[in-house]
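Architecture and fold: a report
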Amino acid sequence: MMQPRRDFLKMALGVSAAPGLLAQTRTSSGGERAGTRLPILSTGSKIKSIETFTSGSLSIVRVRTDSGQEGYGQIAPFNADISATVLHRMVAPLALGQDPAALDAISDQCVEANYKFPWSFVCRALAGLDTALWDLHGKTTGKSVCELLGGKPRPFPIYGSSMRRDIKPVDEAARLARLRDENGYRAFKIRVGKVCGHDEDQWPGRTEELVPTVRKAIGNDVALLADGNSCYTAPKAIEVGKMLGQNKVCHFEEPCPYWELEWTAQVATAINVPVAGGEQDNDLAQWRRMIAMHAVDVVQPDICYLGGMTQALRVADMAAKASLPCVPHSANLSMVTVFTLHMQGAVQNAGPYVEFSIEPTNWTDNLFEPALKVADGKVPIPSGPGWGVTINKSWLAKAERQVTEKA
Ligand SMILES: [Mg+2]
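All values derive from a computational prediction rather than experimental measurement.

From N to C terminus, the protein includes 15 helices and 14 strands. A globule of 407 residues ought to have a C-alpha radius of gyration of about 22 Å, and the protein, at 20 Å, matches this closely. Based on the C-alpha atoms only, the size of the protein along its principal axes is roughly 60 × 45 × 35 Å. The burial tally for the protein puts 52% of its 407 residues in the buried class. Here the analysis covers contacts within the protein between residues at least 6 apart in sequence; of these, 74% occur between residues at least 24 apart.

Bringing the environment of Leu58 into the picture now. For Leu58, the position within the fold is in strand S2 (residues 58-65). Apart from residues lying up to four places away in sequence, Leu58 is in contact with Gln74, Pro77, Ala80, Ser334, Trp363 and Leu367.

A few words on the domain arrangement of the protein. Domains assigned within the protein are domain 1 (47-142 + 392-405) and domain 2 (147-390). A straight line from the C-alpha centre of domain 1 to that of domain 2 covers 26 Å. In this complex, domain 1 contributes 29 residues to the contact, which on the side of domain 2 involves 26 residues. Of all the elements in the fold, those that place two or more residues in the side of domain 1 that touches domain 2 are strand S3 (70-74), helix H4 (103-113), helix H5 (120-141) and helix H15 (393-398).

Moving on, we get to unusual backbone geometry. The omega angle of the peptide bond from Glu369 to Pro370 is 0°, so this bond is cis rather than trans. As for its position among the elements, Pro370 is in the loop between strand S11 (368-369) and strand S12 (378-380). The backbone phi angle of Trp119 is positive, close to 65°, even though this residue is not glycine. For Trp119, the location among the structural elements is in the loop between H4 and H5. Residue Asp376 is not a glycine yet carries a positive backbone phi of 55°. Within the element layout of this structure, Asp376 appears in the loop between S11 and S12. Given 11 C-beta atoms within 10 Å, Asp376 falls into the exposed group.

Most of strand S5 (residues 187-191) is tucked away, with 5 of its 5 residues classed as buried. Bridging between strand S4 (residues 155-161) and S5 involves 2 bridges; their strand directions are parallel. Across the sheet, Gly160 pairs through a bridge with Phe188, a residue of S5. Pairing of S5 with strand S6 (residues 223-227) involves 5 bridges; the strand directions are parallel. When the bridges of S6 are listed, Phe188 appears paired with Leu224.

All right, on to the packing of helix H3 (residues 80-95) against H4 then. Running from N to C, H3 and H4 point in directions that differ by 135°, and their axes come no closer than 10 Å. By the criterion of interaxial angle, the relationship of H3 to H4 is oblique. Crossing of H3 against H4: the hand is right-handed. Between H3 and H4, the contacting residues are Val91, Leu94 and Ala95 on the first element and Ile106, Gln109, Cys110 and Ala113 on the second. Here the residues of the contact of H3 with H4 are counted per class, giving 6 nonpolar, 1 polar and no charged.

Okay, the confidence of the model for the protein next. Looking at the protein, the pLDDT average stands at 92 and 91% of residues meet or exceed 70. Every residue in residues 14-36 scores below 50 in pLDDT, and together they form 48 contacts with partners more than four places removed in sequence or on other chains.

Glancing now at the pairing of S4. It is a general feature of regular strands that their side chains alternate between the two faces of the sheet. In terms of residue burial, S4 counts as a mostly covered element, since 6 of its 7 residues are buried. Note: S4 against S12, 3 bridges, orientation antiparallel. Paired with Pro155 across the two strands is Pro380, which belongs to S12.

Turning next to the sheet that holds S3. In a beta sheet, neighbouring strands are held together by backbone hydrogen bonds and run either parallel or antiparallel to one another. Reading across the sheet, the 4 strands line up as S3-S2-S1-S14 and stay open at both edges, with antiparallel pairing between neighbours. Either end of the sheet is taken by a strand with one partner, and the two such strands are S3 and strand S14 (400-405). Adjacent strand axes in the sheet meet at a mean angle of 20° when their direction is disregarded. Of the pairings in the sheet, the one linking strand S1 (residues 47-55) to S14 comprises 6 bridges and is antiparallel in character. If you follow Phe53 over to S14, its bridge partner there is Arg401.

Within the largest apolar cluster, 113 residues are counted, with the highest numbers of intra-cluster contacts made by Val91, Val122, Leu129 and Phe188. A total of 11 residues in this core trace back to one element, the largest contributor, which is H5. For Leu129, the residues in contact, after removing those within four places along its chain, are Ile50, Val61, Val63, Gly73, Leu87, Val91 and Ala95.

For the rest of this paragraph, the subject is the packing of H3 against H5. It is at 8 Å that the axes of H3 and H5 come closest, and there the two elements cross at 70°. By the angle class used here, H3 and H5 are roughly perpendicular. For H3 against H5, the interelement crossing comes out right-handed. Residue-level contacts link Ile82, Ser83, Val86, Leu87, Met90, Val91 and Ala95 of H3 to Phe121, Val122, Arg124, Ala125, Leu126, Gly128 and Leu129 of H5.

A few words now on the environment of Asp365. Looking at the element boundaries, Asp365 is found in the loop between strand S10 (354-357) and S11. Owing to 11 C-beta atoms within 10 Å, Asp365 belongs among the exposed residues under this scheme.

Conventions and cut-offs
Residues numbered from 1 in each chain as written. Predicted model: local features only at pLDDT ≥ 70, side-chain atom pairs only at ≥ 80, totals over all residues. Helix = DSSP H or I, 4+ residues; strand = E, 2+ residues; numbered from the N terminus. Rg over C-alpha atoms; globule rule 2.2 N^0.38 Å. Buried ≥ 20, exposed ≤ 12 C-beta atoms within 10 Å, placed from the backbone. Contact = placed C-beta atoms within 7 Å. Domains from an automatic or database assignment. Pairing = 2+ DSSP bridges. Axes fitted to C-alpha atoms, helices over the stretch in contact; angles between N-to-C directions. Parallel < 35°, antiparallel > 145°, perpendicular 65-115°, else oblique. Left-handed = near helix turned anticlockwise from the far one by under 90°. Nonpolar A, V, L, I, M, F, W, Y, C, P; charged D, E, K, R; others polar. pLDDT = per-residue confidence, 0-100. Core = buried A, V, L, I, M, F, W, Y, C linked by C-beta atoms within 7 Å.

Right under this line is the structure:
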């Protein structure tokens, strides 16, 4: 059963099932939580200060060393003020004084020292520190993070990701067709069912109308992905999944409540459309189970929710060993999409596209420059040192600053 599904996946996703670069070059002496070998060398310096700049849904982190190096990262968006407090109280004290190259050790210590507060906010906060340290290493060596990871900055294909369920099928179809024509998008994701919907649709009949209407409008040459956002029980997800298959959908994301791995695995076994998931998951043991039981065919770590690039690479590594493609979750145009572009430009089990929100927002505007721009269905991976973008001084100036530093 499994091999035909894997063959279908390779065909549908256009990726090599060969073990990735990371799988080849990194050791695994102690499972996924230890023994990975990152391409980072000791700088001989120590982490001296960790600052957060918080405004609205966002919090930017600046880390500095005792030898004057610095890097910028971002905490996971939404309730970022809470995550910033967690960073200063529960993460920063573990990292101050450490070599900035100790990325694996810092990740493990943050999870283990906070083991009574599992995952969510600790990982959201850790992501800010970890991504700032990757930027620091890039700037220190004059390389982009993509290059540090063995990749090369280049225009990378994206899929236009709709976040809307309040939109009529005919209007959704029209705007996606327009984006295809104006910006060359070659893939889109639409929303089916209702968020945590217990099998209910946003309104009766919306999903059954939406999928064929969009398919007809964008044509058969454009890839179509669908996201259930934890809507369905397994039987209903299988029914919807078959309809998606009839409309040549190539990715069915989070069909069931994401914590119901057995339900999700049932769906993945029953339908031909590849099942994707994992955006909410930040426990690496849960990731190991998810992959081992073939609950998903496509892994979707979110670099910010998961605790940063270091943790996301571990997930990509696990997936590479199981010959599964990695298509991270990056559902807004804050720094998470920049991080994801760098990662996908390097990992060899990267799926064919990066998620790119098509929704106009104001809360990510003016955060960094140069802004990400779509042309010919691709966005360039920023090519300067570190993340290759600069957090705008005007944005930092209006944000609330907090600092934890070594005495
Ligand atoms: Mg999703």
